[in-house]
Amino acid sequence: MRNQGHVWNIICGSVDSSVLKCTIELGLLDTIHNSSKPMTLSSLSASPSLSTLKIENLYRLLRYLSHMNLITVNSVEGSDTFSLTNISKLLLNNQERSLKDWALGIDDELSINGWHELSDYCLSADDAPTPFVKFHGKTLWELAAEVPEVNELINNGMASDSRMVMPAFGQSCGSILNDVKKIVDIGGGTGAAMSYVAKAFPAIKCMVFDLPHVADAAPQIPGVQMVGGNMFEFIPPADALLLKFMLHGWKDVECIKLLKRCKEIIPAHHGKVIIIEMVLDHDEDDDDLTQARLSFDLDMMLSSGGKERTKDEWRILLEEAGFNKIEFIPIFAIQSMEIQLQDQEQEMQYQGQIWNHICGNVDTQVLKCAIKLGVFDTIQNSDKSMLDLTEMSSSLSLSPIKPENLYRLLRYLTHMNLVTLTSVEGTEMFSLTDLSKLLLGNQEKSLKDWALGIGHEEGMGVWHELSSSCSMLAGGPTPWEMVFGEGCYEYTDKELGDTFNKAMSSDTRLAMPAVIRGCDKILRGLNSLVDVGGGNGTAMSYVVKAFPHVKCTVFDLPKVVERAQECHGVEFIGGDMFTSIPPADAVFLKFMLHNWGEAESINILRKCKEAIPADKGMVIIMDIVLDQDDEDDIDIVRAKLSLDLDMMCIGGRERTKEEWKNLLEISGFTRHEFLPIVAIQSIIVAYP
């Protein structure tokens, strides 16, 4: 169960990114921050910025945020109150040191779309366009020159980074600027970095050199000159050049060209090029920071063809460009290599956690890519327990993948604990972990198809409408309806039927053995069982095999029944569960009621009650139960809450024990019991 919980959270990593973006767009954290005391749900929903939110959806967001450690929930006189954590203060709108704009930029639809091309890009030729170019038809910088909103998104993110980084730079590297008379910030955007330098070192002449459309739109800053141009053609002369978060956006050949031009510009004896970038010597870092940096590496691969670099890679790059004196200096930022002061170390841990929430989508998409490329199956099917990079890249299922891109994927997978990296006689070897064995294609108990389904491009697009949907009045369209113009199941049946059915079958194969064990006495005593919404009959095939005396029926929509293949011992009947359900000793509802709101669920349950005997009938519900924090592993709790928000996007919900109890009582069931099983779901047995 711990392994399942961990894998579920990787699959649902994109929920973190989307919830964080939604929270910022709604101004939720700022509303709490601006209050003089912790806020209740009613006081939050009454605040002007949140008054249009559906109160139930607001609560579900807050509940998820508490498991992201961004909100603290306390009970005061029987009412929940909500306050900020130290981590969430790094996301406020009015704070100088805030990652808010980074969160909005990285999780913008513009940036997310390219991730769906990750596996194809890994298999493409060396000169193939990046996924961003393939999707948008032009580079990020070309798009920014044409679309002011894109230009603003980039500039806001870069300015946010400068406000975080430059004080740390001044603290650790201020002495570097003591003899500098003029500094040029290449690619300096709106001048946030140079604004800091101009204030801290007023004797230095500061200049920002960026593309003309950036320079033209930049604000006037005292002591800072804005100049437009192309850095590959001309760079204004200065005795110091700053390249902040610049070189990671380019391949080695472009970086060397740019660095050579920089070397020509600065004085030979006392000139310097100051580079503020990430360094990937990850063994020295906090795990959250390391994973955040590796997320950026893959983001660079997709958006621009660039990369984050190790210390050795930086040294090789600079020496190739002609620099013979190189110094690495740690600073208090994600671009640094280590932290020296205790309070700074604490904030860096907070930053690492925030960065991983921001980059949660990377987990979902890297996992989907690894499955599509057959990474886990290739290792599993090898005659050896470990493979090196050459063996991996030349294997049949992965050929002709680029070795460098494969290595960068494997490096990220090691930090997801899905691949183990071992050095054998100086060669890095890769093997599976217990977690990754839950993602193999040939295993009965596998979450592979769930990962492919949740990470699917069309489903992922729905999350961009989360904040808009939350702000609508009750009865308004769900995010899915806003994007596709119709309900999830109508659209899925037409466009994503195979993906959806595979995911449901995957869940059934994972959970039904646990159901058979946990409900042995109940199922053994039945003569007949009808599975409502049973799809292709996978669940009932388990029951027939374990209890051949039970007459099993799958009841689903006629079009589903028509497509179903014959299943030994299982009868298929088509119909509408909102009209009537075939009679049986018991009705089985697997992952069904979480798709629906209260009114529809009550209707379904009442039809179930009509179908079973009044004296000994039962409804067996296999669904998620949310309030088991004392019983569940924290990963399992988080995964359940992720699925709740996923259901919110289509109009459904996951429920607590109390909510299940109320639902069943309203539907006419007099008693019920909860049975835990070894699955993310629980069993709820309801009796008339």
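Let me sum up the structure you'll find in this document.

What counts, and at which threshold
- Residues numbered from 1 in each chain as written.
- Predicted model: local features only at pLDDT ≥ 70, side-chain atom pairs only at ≥ 80, totals over all residues.
- Heavy atoms only, no water.
- Pairing = 2+ DSSP bridges.
- Helix = DSSP H or I, 4+ residues; strand = E, 2+ residues; numbered from the N terminus.
- Contact = heavy atoms within 4.5 Å.
- Axes fitted to C-alpha atoms, helices over the stretch in contact; angles between N-to-C directions.
- Salt bridge = Lys/Arg side-chain N within 4 Å of Asp/Glu carboxyl O.
- Buried < 20%, exposed > 50% of the residue type's maximum accessible area, 1.4 Å probe, protein only.
- Phe/Tyr/Trp six-rings, centres within 6.5 Å; stacked < 30°, edge-to-face > 60°.
- Lys NZ or Arg CZ within 6 Å of the ring centre and 35° of its normal.

Ordered by their spatial adjacency, three strands build an open sheet running E9-E11-E10, and the pairing between neighbours is antiparallel. Both edges of this open sheet fall to strand E9 (387-388) and strand E10 (419-424), since each of them pairs with a single strand only. Bridge count between E9 and strand E11 (residues 427-432): two bridges; the pairing is antiparallel. When the sheet's bridge partners are listed, Asp 388 is paired in E11 with Met 429. Lying over the sheet, helix H21 (residues 403-415) contacts E10 and E11, oriented at roughly 110° with respect to E10.

Applying the stated criterion across every chain, the model contains 29 salt bridges. For Lys 272, the salt bridge goes to Asp 179, with nearest N and O atoms at 3.3 Å. Remark: Asp 179 occurs in the loop between helix H11 (148-173) and strand E4 (182-186) and Lys 272 occurs in strand E8 (residues 272-276); sequence separation between them is 93 residues. By relative accessible area, Asp 179 is classed as partly exposed at 42%.

Attention now moves to the packing of aromatic side chains. When we look at a pair of aromatic rings, we describe it by the centre distance and by the angle of the planes. Summed over all chains, the structure comprises ten aromatic pairs. Residues Phe 209 and Phe 234 carry aromatic rings whose centres are separated by 6.1 Å and whose planes lie at 80° to one another, so their mutual orientation is edge-to-face. Linking Phe 209 in strand E5 (residues 205-210) with Phe 234 in the loop between strand E6 (224-228) and strand E7 (240-244), this pair joins segments that are 25 residues apart in sequence. Ring geometry for Phe 578 against Trp 596: centres 5.2 Å apart, planes inclined by 80°, an arrangement best described as edge-to-face. Highlighted residues: Phe 578 in the loop between strand E14 (570-574) and strand E15 (586-590) and Trp 596 in the loop between E15 and helix H31 (598-611), separated in sequence by 18 residues. Since its relative accessible area comes to 24%, Phe 578 is described here as partly exposed. One aromatic cluster is present, built from ring pairs that chain together Trp 102, Phe 245, Phe 296 and Trp 355. Geometry around Trp 314 places Arg 309 over its ring, the cationic atom sitting 5.4 Å from the centre.

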